[in-house]
Amino acid sequence: MSEGADAHRRRRPAKGRAVRARAGYTLIEFVIALTLVGLIMVLVTGGIFLGARTWDRVDAKAEGVSETRQALEFLRRQLMSARGIMHPLPDGEVPLFWGNQQMLEWVAPLPPYVGNGGLGVMRLSVAGEAQRQQLLFEHWFYHPQALAGEVGDAPAWTPLVGIRAPDGEVDPGIYGRHVLIERLQGLELAYFGAEEEGAALRWFSQWEGMDALPRLVKIRLRQADGDWPDMVVALPDPMLGRRGG
């Protein structure tokens, strides 16, 4: 047999191996491919979940900002229409404008959603634990029977103290209780005016027993994601408080 034929037979097995290699993947290559696909799926799924959580947080933040902005704007409108009224009690008259750092009470026209018009005693206060507080807004129809709790199931108005919420339905024209802000970490109120006629104007942490409205009311809110800028509201003519009601 010639040397050429021997050489041809020696080359044939190598050609066969090359054909088999091109015919498919090895088990190792297949496992590596599956691993890479799995890693890609994990990364894609994680990115989707992260994006969804981020969107939810942004949406919740936007909702909270909108809620707070609407609450502050509502309070601004109600305070700008405050009236200076003296209310008779058995032991004497009290001015229906009183406040400390955590509670504020004043008289103003009832909000439009109440529907029956007239004046109401408004009260702003905080309820709940230190880190889970709510900003509450209450109002009573300014009428002796309504303030005494003699109309419907409305709770009796008591000056300068918190009121227990009623269990049943109450005519909103007589009494209303609303949560202005669900999540609050603190409320701080301050009042700018003079203690008496001719005295220097300054900020007070409490406005009690004065015979006039303060010139300004400052509202500071603290929330989990930071404090809001102070809102300062100019009240009507401070001499209104001396005219009675």
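Residues numbered from 1 in each chain as written. Predicted model: local features only at pLDDT ≥ 70, side-chain atom pairs only at ≥ 80, totals over all residues. Heavy atoms only, no water.

Caption draft 1: Summary view of the pairing of strand β5 (residues 119-129). By the bridge criterion, 6 bridges tie strand β4 (residues 104-109) to β5 in an arrangement that is antiparallel. Among the inter-strand pairings, E105 is bridged to a residue of β5, identified as R123. In terms of strand pairing, β5 meets strand β6 (residues 132-141) through 10 bridges, oriented antiparallel. Across the sheet, the residue bridging to L124 is F137, located in β6. (Pairing = 2+ DSSP bridges. Helix = DSSP H or I, 4+ residues; strand = E, 2+ residues; numbered from the N terminus.)

Caption draft 2: Here's a closer look at the nonpolar core. If you look at the biggest cluster of nonpolar residues, it comprises 33 residues, and the most contacted ones within it are W106 and I219. Of all the secondary structure elements, the ones that give two or more residues to this core are α2 (27-80), β4, β5, β6, β7 (175-184), β8 (186-193), β10 (216-223) and β12 (231-234). Among the elements that line this core, the one with the most residues is α2, at 5 residues. By size, the runner-up hydrophobic cluster in this structure holds 12 residues, among which are L96, L147, A154 and I174. (Core = buried A, V, L, I, M, F, W, Y, C linked by side-chain atoms within 4.5 Å. Buried < 20%, exposed > 50% of the residue type's maximum accessible area, 1.4 Å probe, protein only.)

Caption draft 3: How the structure looks around the confidence of the model for the protein chain. Of the residues in the protein chain, 78% reach a pLDDT of 70 or more, and the chain-wide mean stands at 79. Here helix α1 (residues 3-22) is the element of the protein chain with the lowest mean pLDDT, 52, and strand β9 (residues 202-204) is the one with the highest, 95. (pLDDT = per-residue confidence, 0-100.)

Caption draft 4: Geometry of the sheet that holds β6. Strand order in the open sheet formed by 5 strands is β3-β4-β5-β6-β7, and the pairing between neighbours is antiparallel. Single-partner strands in this sheet number two, and they are β3 (98-99) and β7. Bridge count between β6 and β7: 7 bridges; the pairing is antiparallel. By the bridge assignment, E138 is partnered in β7 with R177.

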